[in-house]
Amino acid sequence: MTDLTRQQAHDLLTKYVKGEHYITHSYAVEAIMRGLAKRLAPQDEELWAICGLLHDLDEETAPWREDMATHGPVAVQILRSEGINNPVLENAIMAHNPICGKNPETTLEFAIIAADPMSGFLKAVAQIYPDKKLASVKRKSVTKRFKETRFAAGANRDFMMLIEKTGISWDEFIDIAMASMLEIADEIGL
Ligand SMILES: [Fe+2]
Ligand SMILES: [Fe+2]
């Protein structure tokens, strides 16, 4: 449970993250997390959404280009400095980047580590289409591109496959992620 509202989380995000690309990425992961929560933990939908929204809170603050292990712990420091102490949120943020020393263990943590690369991957697949619209993307082409290791190579396939640890199949994950991102397609430029 969280006492942090979506509005407060959004204010925090825009206070620490300015890049439009990072903001739309945060919205996309939030949307997928919301979709996954509806299926896996309906009572915690707001919390799951907030975890998605804030997972890269330290994107412009942590020195991750020099040390990837700072990405996650710095976000936790920011939250605490803002008076937010929420172990579930903290662990979810840390778990999306296991290099920082926190491996995913809970359903929420497996969901976020899978949702993060999926958001960018779906965007990359949409870019192939003449209209560049996510609405044009079929599940089959997502799976086909997934197997092409050189396509969107930055999207960690192993992390995406961790969705199966939540009990959701690969096919269902694609359907949920696409439907969730489509709901905010205009907002995220898809
Ligand atoms: Fe990240
Ligand atoms: Fe991310």
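You'll find the structure just up there.
Read on for an overview of the structure. It should be emphasised that the depicted structure is a prediction, and the values quoted were computed from it without experimental measurement.

Concerning the environment of Ile 113
Stage number 1. Mapped onto the elements, Ile 113 comes out in helix H6 (residues 107-128).
Stage number 2. Linking Ile 113 and Gly 189, residues 76 residues apart in sequence, is a C-alpha distance of 23 Å.
Stage number 3. When near neighbours in sequence (up to four residues on either side) are disregarded, Ile 113 contacts Ala 95, His 96, Pro 98, Pro 104, Phe 159 and Leu 162.

Things to note about the pattern of salt bridges
Stage number 1. Under the counting rule described, the total for this entry stands at 13 salt bridges.
Stage number 2. A cluster of three or more residues bridged by salt bridges with shared partners is formed by Arg 6, Glu 30, Arg 34, Lys 38, Glu 45 and Glu 46.

Looking at the coordination of the iron ion (ligand 2)
Stage number 1. Protein coordination of the iron ion (ligand 2) is provided by His 25 (NE2), His 55 (NE2), Asp 56 (OD) and Asp 116 (OD), with donor distances spanning 2.1 to 2.2 Å.
Stage number 2. Geometry at the iron ion (ligand 2) is irregular, judged from its four donor atoms and the angles of 83 to 176° they form at the metal.
Stage number 3. Spacing between the donor residues of the iron ion (ligand 2) along their common chain follows H-x29-H-D-x59-D.
Stage number 4. Separating the iron ion (ligand 2) and the iron ion (ligand 1) is a distance of 3.6 Å, and Asp 56 donates to both of them.

Details of the coordination of the iron ion (ligand 1)
Stage number 1. The coordination sphere of the iron ion (ligand 1) contains the protein donors Asp 56 (OD), His 71 (NE2) and His 96 (NE2), at a distance range of 2.1 to 2.2 Å.
Stage number 2. Mapping the donors of the iron ion (ligand 1) onto the primary sequence yields the spacing D-x14-H-x24-H.

Quick notes on the nonpolar core
Stage number 1. Residues Met 33, Leu 36, Leu 54, Leu 89, Met 118 and Phe 173 are the most contacted members of the largest nonpolar core, which totals 61 residues.
Stage number 2. Here this core takes 10 residues from H6, the largest share from any one element.
Stage number 3. When residues no more than four places from it in sequence are discounted, the contact partners of Met 118 are Ile 32, Met 160, Trp 170, Phe 173, Ile 174 and Ala 177.

Focus: unusual backbone geometry
Stage number 1. The backbone of Lys 132 sits at a positive phi, close to 55°, despite the residue not being glycine.
Stage number 2. Here Lys 132 shows up in the loop between H6 and helix H7 (139-147).
Stage number 3. In this structure, Ala 152 takes a positive phi of about 45° despite not being glycine.
Stage number 4. Tracing the backbone through its elements, the reader meets Ala 152 in the loop between H7 and helix H8 (157-161).

Details of the side chain of His 55
Stage number 1. Mapped onto the elements of the fold, His 55 is located in the loop between helix H3 (45-54) and helix H4 (73-81).
Stage number 2. Only 2.9 Å separates the side chain of His 55 from the side chain of Asp 56, close enough to count as a polar contact.
Stage number 3. In terms of polar contacts, His 55 uses its side chain to reach the side chain of Asp 116, at 3.2 Å.
Stage number 4. The contacts of His 55, once residues within four sequence positions are left out, are His 25, Val 29, His 71, Ile 93, His 96, Ile 112 and Asp 116.

Calculation criteria
Residues numbered from 1 in each chain as written. Chains lettered and ligands numbered in written order. Predicted model: local features only at pLDDT ≥ 70, side-chain atom pairs only at ≥ 80, totals over all residues. Heavy atoms only, no water. Helix = DSSP H or I, 4+ residues; strand = E, 2+ residues; numbered from the N terminus. Contact = heavy atoms within 4.5 Å. Salt bridge = Lys/Arg side-chain N within 4 Å of Asp/Glu carboxyl O. Donors = N, O, S within 2.8 Å, 3.2 Å for Na, K, Ca; no water. Tetrahedral: all angles 85-135°; square planar, octahedral: opposite > 155°, others 65-115°. Core = buried A, V, L, I, M, F, W, Y, C linked by side-chain atoms within 4.5 Å. Buried < 20%, exposed > 50% of the residue type's maximum accessible area, 1.4 Å probe, protein only. Polar contact = N/O pair within 3.5 Å; in protein donor to acceptor, adjacent residues only side chain to side chain.

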